[in-house]
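# Understanding the architecture of this molecule
What follows is each chain in one-letter form.
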Amino acid sequence: MTMDHFLEEVVVKQRNTLNRIVYYLSWPVMIVSGFMAMMMLQGLMRAFSIPALVITLLFAAMAVLIFLFHDRLLTEYEYTFTNGALDFAEVYNNKKRKSLGSLNVKTVDAFGKVNSGSFQRYLKTPDVKQMRWFLNREAELYYFYFSKDSVKKMIILEPSEEMVGMIKQYIPRGVYQEN
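Below is a short write-up of the structure. The structure displayed is predicted, hence computed values, not measured ones. Residue positions are counted from 1 within each chain, in the order its sequence is given. Reporting in this predicted model follows two pLDDT cut-offs: at least 70 for local features of residues, and 80 or more for side-chain atom pairs to be given and counted; totals over whole chains, interfaces and linings ignore these cut-offs and use all residues. Only hydrogens and water are set aside when side-chain values are computed; all heavy atoms of the structure are taken into account.

## Some remarks on the pairing of strand S8 (residues 151-157)
- Think of it in three bands: residues with accessible area under 20% of the maximum for their type are buried, residues over 50% are exposed, and the middle band is partly exposed, with areas taken using a 1.4 Å probe on protein chains only. We count a stretch as a helix when DSSP gives it H or I for four or more residues in a row; a strand needs E for two or more, and each element gets its number in order from the N terminus. Of all the seven residues making up S8, five are buried; the element is thus mostly covered by neighbouring parts of the structure.
- The pairing of strand S6 (residues 129-133) with S8 spans five bridges and is parallel. Paired with Arg-132 across the strands is Ile-156, a residue of S8.
- When DSSP locates at least two bridges between a pair of strands, those strands are taken to pair. Summarising the sheet, strand S7 (residues 142-148) and S8 pair through seven bridges and their orientation is antiparallel. When the bridges of S8 are listed, Tyr-143 appears paired with Ile-156.
- With antiparallel pairing between neighbouring strands as the criterion, S7 and S8 make up a hairpin whose turn holds two residues, including Asp-149 at a positive phi of roughly 55 degrees.

Below, the structure written as structure tokens:
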């Protein structure tokens, strides 16, 4: 019987105090903005003016945008490794999950640390599309470089050493870039 290699990791921002403060402050700002938009709308019904309309629309837009995007302040990334397949997802405030895609690590052209010279070479490749799926710049970051549908792509992520070890077992020989 063969043993499956499975590992799931959730990457959270290490210093997210500011994000949490802004998140909790976004609720009252959203409520006040919505209330102000309604009050301004009532005033517009009595006496129409262009400046009042603009201010009403700004308050309404602020309330709607905060409502739609405030969960993104508390973002996490989820990496799931299963027998050479790596799935990526973005999770907003532990509520909404957005799949970012899958990658078969056997098909990558290069894999290595971001602080290596090989990363800089691939980064300078013309028309390479970067996907930055990490939260902590000070973490040990890694990259995958590959082509899909004739498009050169690079994924930058922050896996654990355990996940890096599993990835190394499945990538072709010579793909791991030491320097």
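From this point on, the discussion continues.
## Some points on the sheet that holds strand S9 (residues 176-177)
- The strand order across the open sheet built from five strands is S6-S8-S7-S5-S9, with neighbouring strands paired in mixed fashion. Every interior strand has two partners, whereas the edge strands, S6 and S9, have only one.
- Residue contacts are defined here by distance: any two heavy atoms, one from each residue, within 4.5 Å place the two residues in contact. For helices, the fitted line uses only the C-alpha atoms of the stretch in contact; every axis is such a line through C-alpha atoms, and the angle between N-to-C directions lies from 0 to 180 degrees. Along the sheet face, helix H4 (residues 161-170) touches strand S5 (110-113), S7 and S9 and points at about 35 degrees away from the line of S7.

## Let's talk about the nonpolar core
- To define a nonpolar core, start from buried Ala, Val, Leu, Ile, Met, Phe, Trp, Tyr and Cys residues and group those joined through side-chain atoms within 4.5 Å. Among the nonpolar cores identified, the biggest contains 38 residues, and Tyr-79, Leu-86, Phe-111, Tyr-143, Phe-144, Ile-155 and Ile-167 are the most heavily contacted of them.
- With near-sequence residues (within four places) excluded, Ile-167 lies in contact with Phe-81, Leu-86, Val-105, Phe-111 and Phe-144.

## Side note on the packing of aromatic side chains
- Only Phe, Tyr and Trp rings take part, Trp by its six-membered ring, and two of them pair if their centres are within 6.5 Å. Stacked means planes under 30 degrees apart, edge-to-face means over 60, and tilted covers everything else. Summed over the entire model, instances satisfying the criterion amount to ten aromatic pairs.
- Between the aromatic rings of Phe-111 and Tyr-176, the centroid separation amounts to 5.8 Å while the plane-to-plane angle is 50 degrees, which identifies the pairing as tilted. Of this pair, Phe-111 sits in strand S5 while Tyr-176 is found in strand S9, placing the two residues 65 residues apart along the sequence. Taken as a pair, Phe-111 and Tyr-176 share a single burial class, namely buried.
- For the pair Phe-119 and Tyr-143, a centre-to-centre distance of 5.4 Å together with 50 degrees between the ring planes defines the contact as tilted. Here the residue Phe-119 occupies a position in helix H3 (residues 117-123), and Tyr-143 occupies one in strand S7, the gap between them amounting to 24 residues.

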